[in-house]
Amino acid sequence: MALLEVKDLAVSFVTRNGVNKAVDGISFSVESGKITAIIGESGSGKSVACYSMLGLVPMPPGRIDGGSALFNRQDLLQMSESELRKIRGRDIAMIFQDPMTCLNPYMRIGEQMIEPLVYHRGVSKAEAMARAVELLGEVGIRDPETTVNNYPHEFSGGMRQRVMIAMALINEPKLLIADEPTTALDVTIQAQILQLIADLQKSRDIGVIFISHDLAVVADIADEICVMQTGTIVEKGDRAAIFDHAEHPYTQKLLAAIPSGGKEDTVEHDDTLVRVENLRTWFNAEGQIVKAVDDVSFDIRRGEVLGLVGESGSGKSTIGRSLLRLVPVTGGTVTFDDTDVTALEGRALKDMRRRMQMIFQDPFASLNPRMTVFDTLAEPLLLHGIENRKSVAQAVLKLMDDVGLVRSAVRKYPHEFSGGQRQRIAIGRALATRPEFVVADEPVSALDVTIQAQILELMQELGREYGLTMLFVSHDLAVVRHLADRIIVLYQGRIVEEGSGEQLFTTPREAYTQQLLSAIPGHSLGSTPAVS
Amino acid sequence: MNTDVITDIAQAEEGTSLWQDAWVRLRKNHLAVFGLVVLVTMIVIALLTPWIAPYAYDAQNLDLGASPPSAAHWLGTDVFGRDLLTQIMYGGRISLAVGFIATSVALLIGVTWGAIAGYVGGRTDAIMMRLVDILYALPFMIFIVLLMVVFGRNMVLLFLAIGAVEWLTMARIMRGQVQSLRQQEFVEAAVSLGLSPATIIRRHLVPNALGPIIVYTTLTIPSVMLLEAFLSFLGLGIQPPQTSWGLLISYGAETMEEYPWLLIYPGLTLTITLFSLNFLGDGLRDALDVRGSKD
Amino acid sequence: MGRFLAIRLLQAIPVILAVITVTFFLVRVAPGGPFDSEKAVLPEVKAALEAQYRLDLPLFQQYTAYLGDLAQGDFGPSFKYPGRSVNELIGAGLPVTAELGLYALLIATVIGGLAGVIASLRPNTPQDYIPMALAMIGICMPTFLLGPLLVLLFGIELEWLPVSGWGDIPGDKLLPSITLGAAYAAYIARLSRAGMLEVLSQDYIRTARAKGLPEWQVVVKHGLRGGLLPVVAFLGPAFAGLLAGSFVVETIFQIPGLGRFYVQAAFNRDYTMILGTTVFLSTLIVLFNLLSDVLAAWLNPRLRHQFGGKA
């Protein structure tokens, strides 16, 4: 008998615009001591399915249409709210995506951690606190006797997630539901948290539901994998079955979207377009100097894609912005085609801006919400006198064709598009001036995986077509390796290692690079994709 | 080729801007629509008062004295036999004028101040906003009373004084808007395209900061009207022969035991107007709130 | 904690000094001297009076002398009540106003806070609409209208409650306190509803529910603290508003408090009284603002580092 046996679970949302079937009859099971992963993109219903079983979906607008969820032979879906409450936090515990917002900022973590223990088991506060300290130590929080009295903001993101995990385990639950627990974290931290979850689950013999949008993340830890798309499970099976012989086209698409392998045709010549020398960009944050970029030098050759990799706080985005003069540079020079960009002002700077452009991370923030696609794309064309008022319409439509947007959408506003389409608009805007050099700052990290693959492909295509030189900034080594001719690894504002993708991946010299590489999720996938 | 382009553009689907979205949402909010209708009616009446008022403003009828509502005087008359409806209509002109003019003063100072502080940033911002903080700590209500005492009850001064109180919040809101917008990537994108600061402010910042400013303006008008009425009630605002709703309420309160209608009708008019403005402001806030509409 | 408070107090000093200076010079540049209205004052009497009130000194010396007096806690003599000092008048009015303000604040926070929290628990249902409609009435019904209407209804029509006075007849404190507190109860209801709705949609509330805590514990232990922070920050401005409101309420109900003195002084052009009361009330308001700021910051652990050291 499985620990949890879900059969034909169906959940819908009743809104003014009709009934939306969020979960449409899914069945899966979780065994003790095993990890079942539910994979799907945003809106696939993966979180709703798990939340609804525990009564955490507000009803209305939510509605359970049918099915059963047997946990210890009892049907969760038939339970009253007060019966469910006895199970939540005691037999079934949860951890969530963003450990910053999921811990109460007004309470010390100790007080928060002991709540389930005190409430469900009537343990005394002092006893519960001792248990909390013990667990904090077990999940790797240093000095737990003191830190148990800290507030959540006094921890880093990874540490907060450890606190969340400790809190979830305080009642020794039988089932743990982890909803995207590593999505908000840096890769090296992600690897640590994944390892921690796997270890704890083994040692305590508990069942885990691991919800994620990223197949690669669960590749190393999942026993069973269910792939969800628009409310249904399209394919399920053990890890090997999914990764080695996926049958459903959607699963194959997801697998193909995992970037892997190096770039096929790397550029090999020495014509330098951008030369960065001793670049320093320091910020003054409340009286303290933050050396975001500290004495960094590198070249970018004409026509190549240079990857810039690092975790949050490594200064990778700041370098991109410094090259384009979007942040004030503290020192050093940036030479673009024999001109020092850092010394340009006025007219000369404006002309230079035509030649170097940027693609931003968040397609929801990078487009002016009050301008139509037409206005957004026409603005750079008219500003730099590339087109006149008469000819601009044609140029805009041509751009839309190039980036794969339908012409009929030309008068629409950004909020009417999906994330991927918005990023296409943003790419179109960056390419409108026919720049020679583009900084792409995490251009796909805000997108669903299958959309990521499409956008990366588009960028590669357009890069060739427009003859672009590109600085590709990303936290994701796999994505960068797939795209870049050469890669620079950054750590805390300085360059750690530099080399071709091949060299970096096969023979990394520095310890930090090795650490980054081993943190890339999906080791068991090997270096070549299972589905080509 | 060019004709193709023209047909393509002509055949393009019309997009719906955030303003149109907001308008659709606002129209669904019955209370806000009610507020808008009442407000427009009040303004139209106020503008037309000299032509449509049932009696002359200064027409007294001492023989009649205070009389309850009747066919000749729909809302009754005051102790001098003056028609109350006429008084309320003329009073409305002043009350609404104070509301709109003082709010405009606040809008002008606050938006400019906040936009500069937010856009320039750094030390300038720190100094400008520190000043706002200091002024915030001042007891302005007491100061206005003082001003009215010292300089006499002067209408222009009243507008300026009230406007000077209300601009502080406006400045804070505008600064907050500009600051958060400046960090948005679309403004960075505009910089990287090579747009001049003036163009960025005009095309990218102002249209996006407008929503909260409109909402707050709608909510400032009632609080300004309340302030005027408060001063007039204390005898420190509008003075006879001019009148305002606050002054009428003040007179009504003095004689409410004998002639309750003199208190109730002006009070009702003021309350309904304040209601309408607040409903409209709340409705606009919901309709324009991007955060609320995303989910 | 001590250091933060000290810094904030030091910052308040220039504000208070500015208030004193502006008020002082405003009153002095006012057209017409205080003794102009008395028709037949002999020149020598006027000169003696002016000497007594130091009006014969150069303006700047008057100012420094006044500051000197203030430093010793002396607000000077009243122009209009010869023989009585501003200190005495403030001393007589303050306890009454303070008591009125306290009751009003109590009504405002307890009723307003409760109404807001209750409304936030079931948004867009009658449990939300009814208190919020009442709150809207409270906001749109100015004190000077609500007061007379309450008097008309409970005092004159129903004859349940006394219509004026303070502490003379049992129950005479009720109507003034309600009148003064109503608008602030309404504001606080709206503030706390908005604050609670914001907090209750946070992820950590979901965490609390996932722990299996009963709903009341979720609201009380995890919701209230963050939800009511805006209310705490509002208490400073509310205090200033209550003082201004007390002008009206004390006038309507003929209560011998500071507010009524202030309005009377304004009419009588009793300059030293206006000056003294303004300085006194302003200082009070500045300090109260400070207090509510400090309290709000202290309640928020993320801001508590300002107090220095670990909390």
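Just so it is clear, the model here is predicted, and its values are computed rather than measured.

With respect to the overall build of chain A
Point 1. Counting its regular elements, chain A contains 20 helices and 20 strands.
Point 2. By the compact-globule yardstick of 24 Å for 532 residues, chain A fits well, its C-alpha radius of gyration being 25 Å.
Point 3. In terms of overall dimensions, chain A has C-alpha extents of about 70 × 50 × 45 Å along its principal axes.
Point 4. Across chain A, the fraction of contacts at a sequence separation of at least 24, relative to all contacts at a separation of at least 6, is 68%.
Point 5. Total accessible area on chain A is roughly 21,100 Å²; 47% of this is exposed by carbon and sulfur atoms.

What about helix 3 (residues 30-52) of chain B?
Residue and element names in this part refer to chain B.
Point 1. Its maximal kink placed at A46, helix 3 deviates by approximately 40 degrees, while the proline P50 follows within four residues.
Point 2. If you check which residues of helix 3 are buried, you get A32, G35, V38, L39, M42, A46 and T49.
Point 3. For helix 3, the secondary structure elements touched by its buried residues are helix 2 (18-28), helix 4 (84-120), helix 10 (245-254) and helix 11 (261-288).
Point 4. Its side-chain oxygen 3.3 Å from the backbone nitrogen of L31, N29 forms the N-cap of helix 3.

A short note on the confidence of the model for chain B
Caution applies to low-pLDDT parts of the model: their predicted coordinates are not meant to be read in detail.
All names here are of chain B.
Point 1. Of all residues in chain B, 92% attain a pLDDT of 70 or more, and the chain-wide mean is 81.
Point 2. In this model residues 290-295 is a low-confidence stretch, pLDDT under 50, and it forms 2 contacts with partners more than four residues away in sequence or in other chains.
Point 3. For this predicted complex, the interface score ipTM comes out at 0.79, alongside a pTM of 0.80.

A short note on the sheet that holds strand 18 (residues 469-474) of chain A
All names here are of chain A.
Point 1. Taking strand neighbours across the sheet as the criterion, the 6 strands line up as 16-17-18-13-19-20 in an open arrangement whose pairing is mixed. Each of the sheet's edge strands pairs with one partner strand only, and the pair in question is strand 16 (356-359) and strand 20 (494-500). Neighbour to neighbour, the strand axes of the sheet diverge by 20 degrees on average, direction disregarded.
Point 2. Sheet topology note: the strand 13 (residues 305-309)/strand 18 ladder contains 5 bridges and is parallel. When the sheet's bridge partners are listed, L306 is paired in strand 18 with L471.
Point 3. Sheet strands touched by helix 12 (residues 316-323): strand 13, strand 16, strand 17 (437-441), strand 18 and strand 19 (486-491). Its angle to strand 18, the strand with the most contacts, is close to 150 degrees.
Point 4. Contacts from helix 20 (residues 511-519) reach strand 13, strand 19 and strand 20 within the one sheet, and its direction differs from that of strand 19 by about 105 degrees.

Observations concerning a nonpolar patch on the surface
Point 1. A cluster of nonpolar side chains, namely B:V40, B:V44, B:I45, B:L47, B:L48, B:W51 and B:I52, defines an oily patch on the protein surface of about 690 Å² accessible area.
Point 2. Looking at where B:I52 falls in the secondary structure, it is placed in helix 3.

Notes on the environment of A:S29
Residues and elements named next belong to chain A.
Point 1. The residue S29 is located in strand 2 (residues 18-30) in this model.
Point 2. Sequence-wise, S29 and A348 are 319 residues apart; in three dimensions their C-alpha atoms are separated by 64 Å.
Point 3. With sequence-adjacent residues up to four places away left out, S29 is seen in contact with A2, L4, E5 and T36.

Notes on the interface of chain B and chain C
Note: interface size is frequently given as the accessible area lost on complex formation between the parts.
Point 1. Tallying the contact residues gives 39 residues for chain B and 41 residues for chain C.
Point 2. Roughly 3,400 Å² of surface becomes buried between chain B and chain C when both sides are summed, with 82% attributable to carbon and sulfur atoms.
Point 3. Taken together, the links from chain B to chain C amount to 1 salt bridge.
Point 4. Across the pair C:R190 and B:D282 runs a salt bridge whose closest N-O atoms are separated by 3.0 Å.
Point 5. For the interface between chain B and chain C, the tally reads 1 residue pair in polar contact (both at pLDDT 80 or more).
Point 6. If you list the elements that add at least two residues to the side of chain B that touches chain C, you get helix 5 (122-137), helix 6 (140-151), helix 9 (197-233), helix 10 and helix 11 of chain B.

Rules of the game
Residues numbered from 1 in each chain as written. Chains lettered and ligands numbered in written order. Predicted model: local features only at pLDDT ≥ 70, side-chain atom pairs only at ≥ 80, totals over all residues. Heavy atoms only, no water. Helix = DSSP H or I, 4+ residues; strand = E, 2+ residues; numbered from the N terminus. Rg over C-alpha atoms; globule rule 2.2 N^0.38 Å. Contact = heavy atoms within 4.5 Å. Areas by Shrake-Rupley, 256 points an atom, 1.4 Å probe, with all protein chains shown as cover. Bend = angle between axes of the 7 residues up to and from the residue. Buried < 20%, exposed > 50% of the residue type's maximum accessible area, 1.4 Å probe, protein only. Polar contact = N/O pair within 3.5 Å; in protein donor to acceptor, adjacent residues only side chain to side chain. pLDDT = per-residue confidence, 0-100. Pairing = 2+ DSSP bridges. Axes fitted to C-alpha atoms, helices over the stretch in contact; angles between N-to-C directions. Patch = residues over 30% accessible without salt bridge, like charges linked within 9 Å, V, L, I, M, F, W, Y side chains within 5 Å. Salt bridge = Lys/Arg side-chain N within 4 Å of Asp/Glu carboxyl O. Buried area = accessible area lost by both parts, 1.4 Å probe.

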